[in-house]
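Examining the three-dimensional arrangement
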Amino acid sequence: MKYKVSSSLPLFQIILKKNFPATPCIRSHRLSINLLLMGRENQLPRISLLIVFCLLTILVQAQRKQLSGTIVDAHSDEPIPFASISFPGTSIGTLTDSVGHFYLNLDKWPADSLLITCVGYQHYTYWVDPLSDTLQIRIPLERGTFIETVRVKAKVNKGLLVWRKIVQHKPKNDRYRFSNFSYELYNKLELDIKNVNFKKITRFKPLRPLGDVINQNIDSSEGIKYLPTYLTEALSDYYYQKKPLKRREVIRAANTNGVKNESILKFLGGMDQNVNIYNNFIAVFDKQFVSPASDNGDLYYDYRVLDTQVVNNQRFYHLAFAPRRKGTNTFEGDCWVHAGSFAIQKMNLRLGKDANVNFLETLSLIQEYRLINDSTWFLSKDKFVADLSPIGKNSPGLIGRKTTTYRNVRVNDSSVVAELNKNSLLEEIITLPGAADKDKDFWSQSRHEELTKTEAGIIRMIDTLTNAPVFQKLARRLKFIGTGYMDIGNIEIGPWFNWMTANSYEGFRMRFDIGSNKKFDKHWWYHGYLAYGFGDRKLKGKAELFYLPRKHPRRYWYGSYTNDLDFGQNYYGEVTADNIFALAIRKPNIPVKFLKVNEKRFEFFNEHRLGLSELIALTHKNFTPLRNIPVKDSFPTSNGGSPLTNFEVSLRLRFAYLEKFLEATFLRTSLGSPYPIGEFYISRGIAGVFNSSYNYTKISGSVSDYIKIPPFGSISYQIYAGRTFGTLPYVLLDIAPGNELHYYNKYAFNMMNRFEFVHDKYLGLNVEHIIGNGIFRFFPKLKFRQFWTAKTLWGSLSEANRLYNFKQGNTFQTLNGNTYMELGTGVDNILRVFRIDFIWRVLPSKLSESTKRFGVFGSFRLTF
C-alpha cells in the first residue's frame, strides 16, 4: 500500500528550521531530508526510518561547537586572506581562506578566548561565550606595521628575488602591453563625516526637523561614529589603444544624488582614475609615491616573503614590503604574487599619518586581478579609502571611499578599434543623453554589486535633506560664508569680502555687487557693482553682460563698462588691494599709486575641439592718474585726441591640448593640461576713434607648463616675451608686474614695486620647483616642504619712448638691456596651510636707497 506524505512536508520543514540553526552541517542534513520528502509517493515506514536517522544525526551534531566568520581590514573593510585563527594555549586553529572566511567545528570550546593574528595587523582577542554553541562573527583588524617583520638578516633574501621577478615580468603582466582593450566600469564614491557629536548637531535649530533622518544613518561599525553623507555612482564603457594612443570613455549612467553639473559627471568615470601598480610611481592626490613594483624599488623598500599558499591549484607568494627610510614618499603593505607568471593577484598599499600628505590620517589602496583566460591577469577591482582629519585624529573629519569594478574585458579586439575611430581627439569623454536620469530599476539591474544597507540609507537621506527647506536655508548660509556669494531668487549678491576696505585716496570704501544666477537664464548672465569712497566722495562701478550660446566647445560674447580705480594685477587665488584682507599686509613706506580707468570692452571668444581658441576684443580706455604717478598734462597730444586715451583691437590665440575644466553654469576653472599651454597675442591701437590718440602695434607670447618629476617633486615654468611698436605713454607700454603687499604673488615680481620698470621690449622666465620633503625629511613630524623660485626679466625701452616718458619728477626706470632677477626659497606646509617665502633681489646690482634687496612674504594655500 502506498501513502502520500506531501501534506505533512511544510509543517516538518518549519519544525526543522525553527529548532536547528542554519550552520553548514545542519544545512546539509536539511537538504537530505527535503530531497527525501519531495517524492510524491513514498513508503511511510522507509521515510520514518530515514527521518529518525537524520534527526539523530542532527541532534548529535547540535551538541558540537561551531564557529564561523570573516576577518576584514578595519580601515578598508576588505577581507584578509590567510589570517591565523587560534585558541591560545592549544594547537587548535585554522587560517582564513582567500576571501577572509573561516569555519571551525569542535567538540567543545578549547579556551575562553580566540586569538586572531596577521602580519601587518595588531593582534585581536575575541572572548568566547562558553554557553553558546554557534558563533558567527565579523572581526575588523586594526593596522600594525610591517617594518619589524620585513627586516631580513638571511644571506639570501627570497623577498628581493620575488621583487626582481615581478620587475622582470612587467612587460608580460602590465595591461598596457596590449594593442587595445576595453571594459565596462562601475565606479562608486562615498563620503562620510566622522567624529562629530551628532546629538548636539541635531539640537541646532535648523537641523532639528532632520534629527531622526540623521540619527538613523549613523554608523559605528568601525568603532567610530560616522555619518554616511554622500554617494555617487557611474557606469561607463572605457576603451584604450596603444598605437596611436587613444582613449575614450562613454558614460552611460551617473547617479549624483542632487548635484546637477555635467562637468562633474566626466570626473566620475575612469579616465582620470587609473592606478597602475606596475608603474614606477603611483599618484596619491597631487603627490607621486614610489611603487613597490618600481624598477628601483630595492632602493626604497625592504621585501620579505611571508608565506606561500595554493588557491584553486594556483601557487602564490605572500610578499610584504616596508620603507627602508622614513620621510620618503613610499607605501607599506603586502601583495600576493602568482608563482610562475609573477603577476600580482592582489596588492594592498597603505599610508599612515607619517606620510607627507596633508590632512591624511590613513589611506588604503587595494587592487585585485583575475584571470580572463588561461594566462592573462587583468584588473578586476580597485578600492581607495582615505581618512582625512584636517585638525586632528579625534576632531571632525571625512572618510572617502571609492570602489571601482571591471567587467566584460576585451583585449586586442577589432570592436575596440572601431569605437576609438570615433574620436576626434586623443582622448574623449562622452556623456550620453539622459545619463543622469536613470531610475532605480536601471541601477538595481546594472550595478556590479548591490548597495549595502548603509549606502542605500545615504540615498534616502540625501533625498530627504535636499528637499527640506531648513536644510536648503542652512546650505545657502554656509555657501555665503565660504564663497562670499548668496543667491536670492534669480539674483546673486557678493562677494562679502569686497564690501569694505580703505586706502589713502578713497578713505573708507564700500562696495556692493549684484548679478544674475542660473535661475535667471542658462545663457545670459549679468553682473555689476557700485563703490563709494568716503574720502574722495566719488561713485565708481562696473557693469558687464555675458552671453553663452554654446558650452562645448565654448563660445561666448561679452561686454563691460568700468569706471573705477586700477587695483593692479588680479590673478586667481591672489590677494588684490580691493578687499578687506589687503589692509593688514601692505608694504610700509611705499607710496600707493592711484590710477583711475574708464573702460568699454567687447569680446568674442570661440573654442575648437583640439584645444585651440581665439579671443577677439575691442577696447576703449581713458586713464586718469590720481596720485604718485605722472598726470595727464605730462603727455600732450598733437592729433586732437585726448591724452592717455586709446582704442585697441586685439586677437589672442591660445592652444591648450586636452585641457580640463571644472565648469559652473557660466564660468569655468582650468584644471590644467598634460601638455604645455601656448598663447600668442597681437593688438593694434588706432588713433581718432572716440578721441583716441595713439597708433601702435603690440605682439607678445608665452609658454607655460607644470611637470611632475618624481621623486624630485614638480616644476612649473613660464617663458614670455613681447614687443611694442610706437611711441606711447607709460600706461600703454609694458609695465613689469610688481607687488606692494607682503602676500606672495606667484605671477608678479615680489621685490619690485608697481610702475617701477617700464619697457617696450622684454623677455622673461619664471620657474618654481616644489622639491617636497627635501632637507625636512630629517624632521618628518614637522611635514614641512622645501621649494625654490627664480624670476628673471630682460627689458629695454626705445629712445623715443624714453624721451616721451622719462621727464623730471617721474620715478620710472628701464632695465636698458640689463637683467632683473629675484631668487627665493622658503618653507611650505607650515601648519599644513601656510607658506613663507624668502626673496632676494639679486639683479640689477645697483639699487636706489629706498630699494630693499631682501623681503619676507607669506601666503595661504590649501593643498594635499
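This text follows the structure it describes.
What comes next is a walk through the structure. All values derive from a computational prediction rather than experimental measurement. (Residues numbered from 1 in each chain as written. Predicted model: local features only at pLDDT ≥ 70, side-chain atom pairs only at ≥ 80, totals over all residues. Heavy atoms only, no water.)

**Here we look at unusual backbone geometry**
Stated precisely, the cut-off is as follows: The numbering of helices and of strands both runs from the N terminus, where a helix is a DSSP run of H or I of at least 4 residues and a strand a run of E of at least 2. Throughout, exposure labels follow a simple rule: accessible area from a 1.4 Å probe, protein chains only, divided by the maximum for the residue type, with under 20% read as buried, over 50% as exposed, and the rest as partly exposed.
Following G494, the chain continues to P495 via a peptide bond in cis, the omega torsion being 10°. Along the chain, H552 connects to P553 via a cis peptide bond; the corresponding omega equals -15°. Here F690, not a glycine, exhibits a phi torsion of approximately 50°, which is positive. As for its position among the elements, F690 is in the loop between β33 (677–685) and β34 (696–708). Judged by relative accessible area, F690 falls into the exposed class, the value being 61%. Of note in this structure, R832 is not a glycine but carries a positive phi near 75°. The residue R832 is located in the loop between β40 (819–830) and β41 (834–843) in this model. Residue R832 is classed as partly exposed on the basis of its relative accessible area of 24%.

**A word on the pattern of salt bridges**
To keep it simple, the criterion reads: By definition here, a salt bridge exists when the distance from a side-chain nitrogen of Lys or Arg to a carboxyl oxygen of Asp or Glu is within 4 Å.
Scanning all chains against the criterion turns up 34 salt bridges. E78 serves as the salt-bridge partner of K383, at 3.5 Å between the closest nitrogen and oxygen. Of this pair, K383 sits in strand β18 (residues 377–388) while E78 is found in the loop between β1 (65–73) and β2 (84–86), placing the two residues 305 residues apart along the sequence. Close ionic contact of D302 with R324 constitutes a salt bridge, the shortest N to O distance being 3.5 Å. Of the two residues, D302 is situated in strand β13 (residues 301–311) and R324 in the loop between β14 (314–323) and β15 (332–338); the sequence distance between them amounts to 22 residues. It is possible to trace a salt-bridge network through shared partners that takes in E506, R509, D536, K540 and D564.

**Let's talk about the environment of F864**
Where we set the bar: Note on contacts: a residue pair qualifies if any of its non-hydrogen atoms lie within 4.5 Å across the two residues.
With respect to the element layout, F864 can be found in the segment after β42 (854–860). The exposure class of F864 is partly exposed, given its relative accessible area of 29%. Linking F864 and V357, residues 507 residues apart in sequence, is a C-alpha distance of 5.4 Å. F864 has contacts with F285, D286, K287, N356, V357, N358, F359, L388 and R785, leaving out every residue within four places of it along the chain.

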